[in-house]
Amino acid sequence: MTAEAGVPDISATRAWVARLKLGLGTAARHRSIQVGGVLFGFIVLLAIFADLIAPFDPNKNNFRALLSAPDAVNIFGTDAFGRDILSRVIHGTRLSLLVGLLVVVATGILGVIVGTFTGYVRWLDGPVMRVMDGLMAFPGILLAIALAAVLGPSVSNAALALTITFTPRTARIVRGSVLVLREMPYVEAAKACGASHARIVLKHILPNALPPLIVQLTFVFSVSILAEAVLSFMGVGPPPPTPSLGNIIAEGRSYIQEAPWVALMPGIAIAMTVLGLNIIGDGLRDTLDPRLRNL
Amino acid sequence: MTRYILSRVLSAVPVLFVVSLVTFLLMWLVPGDVASQIAGPDATAAELEAIRQRLQLDQPIHIQAFRWYGNLLQGDLGQSYLLHRSVVDAVFERLPVTLSLAFMSLVLAVIFGVLLGVLAATNHNNWIDQVTMAGALLGLSLPDFWFGLVLIFFFAVGMGWFPTGGYTPFTESPLGWLRSMTLPACTLAFTQMGVIARMVRSSMLEQMGQDYIRTAKAKGLPRGLVLFKHALRNALIPVITLVGIMTGLLLGGTVVIEVVYSLPGVGRLIIGAIQNRDYPIVQGGLLMTAGIFVFVNIAVDILYTIVDPRVRNDR
């Protein structure tokens, strides 16, 4: 790109804002986005205010209430160390959402960069997309587990492993849009007017490539929450005692007969979070990207 | 046709190269010294040196890569550190469990997914449609490993119909094999079923809006014939592609399900190897799973051109 890329281009920003407003305005009136938004919004609020809402310290042991069934004090029961499951689930949800958000942001940025360059710069397309195809040839969750395992268990490594896993498909979607948009008459017109590559990409191509990307990122969000749970369940996610929904289930697995609530409750939390996101995703797909309606 | 098949198979070469490169480089992501990771914290300097020599970690990377590819082309993926046998043998021994689990779930998911999708499409916009689609959405929002535990809790612990885990080989007792595979297959199928049902429904609805369906109705064909002989046949074409994509999801999904149900498949082999830092097994398992996935997708693409000749002419 030329030097112009560094200069803030006001008209380009305006194009982005206009495109977003148009799309999100319609989206906000869609019923499934409202339903999913309420469900997901409620969970996000719980996660943000986890410290205020959680009734107990998620890591505080209580040896007088080991594996106690749900009651008025411990609404979701306690685990083998007497820790309050509800508090652990709330904090675990926060961690899941944090990982999901990190993955969405990183995948979004990388996906746009790789997708735009491969779609716009012809000679880059072949080699870079072959690498992406190669990464997509691994069963996703298996690659994520292997990467997280060799990188070592931590929040950032889990997010990194999932980003590497989900970027290729996102890049492919952006590339697909860019390939179509670069042939549009208005792009040709902009070129004829002497617009720089940076301006064409930022003002004319990317704003229009945004809707399918947003839909894809909602999907990445929900899948990374599921995948983070798998990583934690397998012991390659954020390490205990940090509560994550996956490692609470892993701990509860040993007590599935005498204390099923330990494993059941976090799973319901994951399902509700992912369901909320999926409902929003369906609505966004209907409003933002009618072409994908059949998928 | 032969040309298409050939070009499709050839296109897998760069993909497989990248796959093998990624698996090779995976070792490089291991933070710190691989030898001390393998040997553990109590290893002496001599032990570390021995490991480095055995694995040729003291050689420069390009020599290592050269050797690795040389062995790979001869079908040698190295030796397991712990199992004292070749990676290829260890993976092949466990492959039948993983593949039969993935295949059973795929069959279940396709049968029930198509049935539910058709049910929803033929009852478009009434309560049957809404309930089916809500169920499908819930299904694909469930963490599969957790759903596996739920099934164990109800049907193995509660009802006692199935074992809580473990594997009975088919050769030992076909009935025992079926009992040990039923819950795992249902777990995996349930989450995938929703994806297929949604796809079949929308694809079926799209077909039902086409002109040829109107013609068929106009000439007085019975509704069942129009739906199943005309619409469904065309609606199922995109499902073939989905089956290819789902094979990847299922091959990955089996890893987790094998752990939940203690099935001795490739997934559990890889997870065990990860815990024991037996990296050749991790690499070999990954490589072979990805290889299977690549070839299933080639097969799916070829099948697609046979079923839908329009695609063949397009390319």
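Remember, predicted model here, so these are calculated numbers, not experimental data.

**Re the overall build of chain A**
For chain A, the count of helices and strands is 11 helices and zero strands. The secondary structure elements of chain A, listed N-terminal to C-terminal, are α-α-α-α-α-α-α-α-α-α-α. When the backbone C-alpha atoms are referred to their principal axes, chain A occupies close to 75 × 40 × 35 Å. Classification of the 295 residues of chain A by burial places 54% in the buried group. For chain A, contacts bridging at least 24 residues in sequence account for 72% of all contacts bridging at least 6. Roughly 12800 Å² of accessible area belongs to chain A as shown, and the carbon and sulfur atoms make up 69% of that amount. Between the centroid of the 23 positive side chains of chain A and the centroid of its 17 negative side chains there is a distance of 8 Å.

**Details of a nonpolar patch on the surface**
Residue and element names in this part refer to chain B. Where nonpolar side chains cluster on the molecular surface, the patch consists of Met 1, Ile 5, Val 9, Phe 295, Leu 303, Ile 306 and Val 307 and spans about 580 Å² of accessible area. Of all the secondary structure elements, the ones that give two or more residues to the nonpolar patch are helix 1 (2-29) and helix 13 (279-307). Tallying contributions element by element places helix 13 first for the nonpolar patch, with four residues. Structurally, the position occupied by Leu 303 is in helix 13.

**Some details on the packing of helix 5 (residues 87-122) of chain B against helix 8 (residues 174-208) of chain B**
All names here are of chain B. Contact geometry for helix 5 and helix 8: axes closest at 4 Å, N-to-C directions at 40 degrees. The two elements helix 5 and helix 8 meet at a crossing, and its hand is right-handed. Split into classes, the residues belonging to the contact of helix 5 with helix 8 amount to 27 nonpolar, five polar and one charged.

**So, the interface of chain B and chain A**
Contacts between chain B and chain A engage 46 residues on the former and 42 residues on the latter. Both faces considered, chain B and chain A share a buried interface measuring about 3800 Å² in area, 80% of it formed by carbon and sulfur atoms. In terms of surface lost to chain A, no three residues of chain B exceed B:Phe145, B:Trp146 and B:Leu149, which account for 15% of the buried area on that side. Counting the contacts that link chain B with chain A gives one salt bridge. The shortest N-O distance in the salt bridge between A:Asp282 and B:Arg198 comes to 2.9 Å. Connecting chain B to chain A are six residue pairs in polar contact (both at pLDDT 80 or more). Every element with two or more residues in the side of chain B that touches chain A is listed here: helix 1, helix 6 (127-139), helix 7 (144-158), helix 8, helix 11 (237-260), helix 12 (266-275) and helix 13 of chain B. Counted by class, the side of chain B that touches chain A contains 35 nonpolar, nine polar and two charged residues.

**Overview of the side chain of A:Gln216**
As for its placement among the helices and strands, A:Gln216 is situated in helix 9 (residues 197-233). Contact partners of A:Gln216, with chain neighbours within four places excluded, come to A:Arg169, A:Thr170 and A:Ile173.

**What about the domain arrangement of chain B?**
Residue and element names in this part refer to chain B. According to the domain assignment, chain B consists of domain 1 (2-73) and domain 2 (87-314). Distance from the C-alpha centre of domain 1 to the C-alpha centre of domain 2: 32 Å. Across the contact, 19 residues belong to domain 1 and 15 residues belong to domain 2. Roughly 1500 Å² of surface becomes buried between domain 1 and domain 2 when both sides are summed, with 79% attributable to carbon and sulfur atoms. Taken as a group, Tyr 4, Arg 8 and Thr 23 account for 30% of the area that domain 1 buries against domain 2, more than any other trio of residues on that side. The interface formed by domain 1 and domain 2 holds one salt bridge in total. The partner of Arg 8 in a salt bridge is Asp 301, and the shortest N-O contact between them spans 2.6 Å. The interface formed by domain 1 and domain 2 holds two residue pairs in polar contact (both at pLDDT 80 or more) in total. Of all the elements in the fold, those that place two or more residues in the side of domain 1 that touches domain 2 are helix 1, helix 2 (34-39) and helix 4 (61-73). Looking at the side of domain 1 that touches domain 2 element by element, the count peaks at 13 residues for helix 1. Each residue belonging to the side of domain 1 that touches domain 2 can be placed in one class, and the counts come to 15 nonpolar, three polar and one charged.

Definitions and cut-offs
- Residues numbered from 1 in each chain as written.
- Chains lettered and ligands numbered in written order.
- Predicted model: local features only at pLDDT ≥ 70, side-chain atom pairs only at ≥ 80, totals over all residues.
- Heavy atoms only, no water.
- Helix = DSSP H or I, 4+ residues; strand = E, 2+ residues; numbered from the N terminus.
- Buried < 20%, exposed > 50% of the residue type's maximum accessible area, 1.4 Å probe, protein only.
- Contact = heavy atoms within 4.5 Å.
- Areas by Shrake-Rupley, 256 points an atom, 1.4 Å probe, with all protein chains shown as cover.
- Lys, Arg positive; Asp, Glu negative; His and termini not counted.
- Charge placed at Lys NZ, Arg CZ, Asp CG, Glu CD.
- Patch = residues over 30% accessible without salt bridge, like charges linked within 9 Å, V, L, I, M, F, W, Y side chains within 5 Å.
- Salt bridge = Lys/Arg side-chain N within 4 Å of Asp/Glu carboxyl O.
- Axes fitted to C-alpha atoms, helices over the stretch in contact; angles between N-to-C directions.
- Left-handed = near helix turned anticlockwise from the far one by under 90°.
- Nonpolar A, V, L, I, M, F, W, Y, C, P; charged D, E, K, R; others polar.
- Buried area = accessible area lost by both parts, 1.4 Å probe.
- Polar contact = N/O pair within 3.5 Å; in protein donor to acceptor, adjacent residues only side chain to side chain.
- Domains from an automatic or database assignment.

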